[in-house]
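Each chain, letter by letter, is given below.
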Amino acid sequence: MIKNPVPWPNGARCAVAFTFDMDADSILHLAHHSSADTRVAALSMLRYGPEVAVPRLVDLYAHFGMRQTFFLPAWCMERYPAAVETILQGGHEIAHHGYLHEHPNACEPEQEAYWFRRASEVIERMTGQPPRGFRAPSYRFSRVSLDILVREGLLYDASLMGDDIPYVLDNGQGQVIELPTHYAMDDWPHFMASRDLAYLMPPRSPQQAMEVYQAEFDAMWEYGGLWIAVWHPFLSGRLARCVAIARLIEYMHSKGQVWFATLEDIATHVRRVIADGIWTSRIDQLPYYDGPIPELGQTAPTLAR
Ligand SMILES: [Zn+2]
């Protein structure tokens, strides 16, 4: 099923990373800059992340002896320093997720570079080291995002969806390791319901969501893949869902031969097996296109009305 699986450490059958994106209320300020402060219920729902869910998740990881990766918009780090402290005391990785969750592909290249650097400075100041990894807010990786990652010396990206295993992104000047995931592994489609953020789906039961995540895990375990959850403390850190997460971790342990790791550790391992000639990666040259494809020309707007 997977043509070229990565040799995982200690003969593990798959690598597993529970990554949480602590967006808190950054997304509300971004969506409704002039009125976010008046949307108090939405603010409270989003602040549940840093205030209640992050300490709970860090406790959960401590119970299972796991170190994991949290992606934080840097504005959230400045706004919620206690959550940052809790994450760092748990021994977890904090990675780059923009400054205020701005969408890179909605920015001019200089703007994108500015916000990227501003966020990196906060991470370096508050964690003591520069970011090693990046996830584009809302997966909005731009045509120049890779150029910035290469220039700024990042090890990995975790925004794209092009494979079941890690692969290499190359812009002609350098490379980063891509650690891919996909939408079924994100908790928004399962749990998100907010009028203020114009996303109203009937929330699934924790068991229904876990069924999807567990099916993904079983396949990755069987064939040597990489399982990355893209979850949010204010959604998956809610009580009943957190209980279900604990059961999922127990299930993974019961199957055994699973490598639980931070994304930094996974990317470091992948880079090492490539450098040692033990494994050969697929390489994606980016950007995929320099602009709109030329074949349709002026007829494009009339072909899909
Ligand atoms: Zn996010």
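Located above this text is the structure these notes cover.
Figured I'd write up the structure that's included with this text. (Residues numbered from 1 in each chain as written. Predicted model: local features only at pLDDT ≥ 70, side-chain atom pairs only at ≥ 80, totals over all residues. Heavy atoms only, no water.)

1. Re the overall build of the protein
Helix and strand content of the protein: eleven helices and twelve strands. Radius of gyration (C-alpha) of the protein: 19 Å, near the 19 Å computed for a compact globule of 305 residues. In terms of principal-axis extent, the alpha carbons of the protein reach across some 55 × 50 × 45 Å. For the protein, with 305 residues in total, the buried portion stands at 52%. Intrachain contacts of the protein at a sequence separation of at least 6 include 73% that bridge at least 24 residues. Entry remark: accessible area of the protein is about 14,300 Å², with carbon and sulfur atoms responsible for 52%. Mean positive and mean negative side-chain charge positions of the protein (25 and 36 charges, respectively) differ by 4 Å. (Helix = DSSP H or I, 4+ residues; strand = E, 2+ residues; numbered from the N terminus. Rg over C-alpha atoms; globule rule 2.2 N^0.38 Å. Buried < 20%, exposed > 50% of the residue type's maximum accessible area, 1.4 Å probe, protein only. Contact = heavy atoms within 4.5 Å. Areas by Shrake-Rupley, 256 points an atom, 1.4 Å probe, with all protein chains shown as cover. Lys, Arg positive; Asp, Glu negative; His and termini not counted. Charge placed at Lys NZ, Arg CZ, Asp CG, Glu CD.)

2. Quick word on the pattern of salt bridges
Opposite charge on two side chains allows them to pair when their charged atoms are near. Taken as a whole and judged by the stated rule, the model has ten salt bridges. Here Lys255 ties to Asp218 by a salt bridge, and the two come within 2.9 Å at their closest N and O atoms. In this pair, Lys255 is assigned in helix α10 (residues 239-255) and Asp218 in helix α8 (residues 206-223), connecting sequence segments 37 residues apart. On the basis of relative accessibility, which here comes to 26%, the residue Lys255 falls in the partly exposed class. (Salt bridge = Lys/Arg side-chain N within 4 Å of Asp/Glu carboxyl O.)

3. A few points about the coordination of the zinc ion
Each pair of donors in an ideal octahedron of six around a metal sits at 90 or 180 degrees, and each pair in an ideal tetrahedron of four sits at 109.5 degrees. Taken together, the protein donors to the zinc ion comprise Asp23 (OD), Asp23 (OD), His97 (NE2) and His101 (NE2), at separations of 2.1 to 2.4 Å. Its four donor atoms give the zinc ion angles of 54 to 139° at the centre, a pattern that matches the irregular case. As a motif over one chain, the donors of the zinc ion read D-x73-H-x3-H. Of this pair, Asp23 sits in the loop between β1 (14-21) and α1 (26-31) while His101 sits in the loop between β3 (93-96) and α5 (109-127), placing them 78 residues apart in sequence. When its relative accessible area of 4% is taken as the criterion, His101 is described as buried. (Donors = N, O, S within 2.8 Å, 3.2 Å for Na, K, Ca; no water. Tetrahedral: all angles 85-135°; square planar, octahedral: opposite > 155°, others 65-115°.)

4. Let's talk about the packing of aromatic side chains
Inspection of the entire model under this criterion finds 14 aromatic pairs. Their ring planes at 70° and their centres at 5.6 Å tell us that Phe18 and Trp231 sit as a pair that is edge-to-face. One end of the pair, Phe18, is in strand β1; the other, Trp231, is in strand β10 (residues 226-231), with 213 residues separating them in the sequence. Its relative accessible area of 0% is what places Phe18 among the buried residues. Against the face of Tyr48 rests Arg238, its NZ or CZ located 3.6 Å from the ring centre. Across from the ring centre of Tyr167, 4.3 Å away, lies the NZ or CZ of Arg282, which sits over that ring. (Phe/Tyr/Trp six-rings, centres within 6.5 Å; stacked < 30°, edge-to-face > 60°. Lys NZ or Arg CZ within 6 Å of the ring centre and 35° of its normal.)

5. Description of the state of the cysteines
Tallied over the full model, the rule gives zero disulfides. Cys242 takes part in no disulfide bond, and the closest cysteine sulfur, belonging to Cys76, lies 19 Å away. (Disulfide = S-S within 2.5 Å.)

6. Quick look at the nonpolar core
In terms of nonpolar packing, the biggest core is built from 60 residues, with Val16, Phe18, Tyr213, Trp227 and Trp231 touching the most fellow members. For Tyr213, the contacting residues outside a window of four places in its chain are Ala184, Met185, Asp186, Asp187, His190, Phe191, Trp227, Trp231 and Leu248. One finds Ile165, Ile177, Ala267 and Trp279 within the second-largest nonpolar core, a separate group that totals 25 residues. (Core = buried A, V, L, I, M, F, W, Y, C linked by side-chain atoms within 4.5 Å.)

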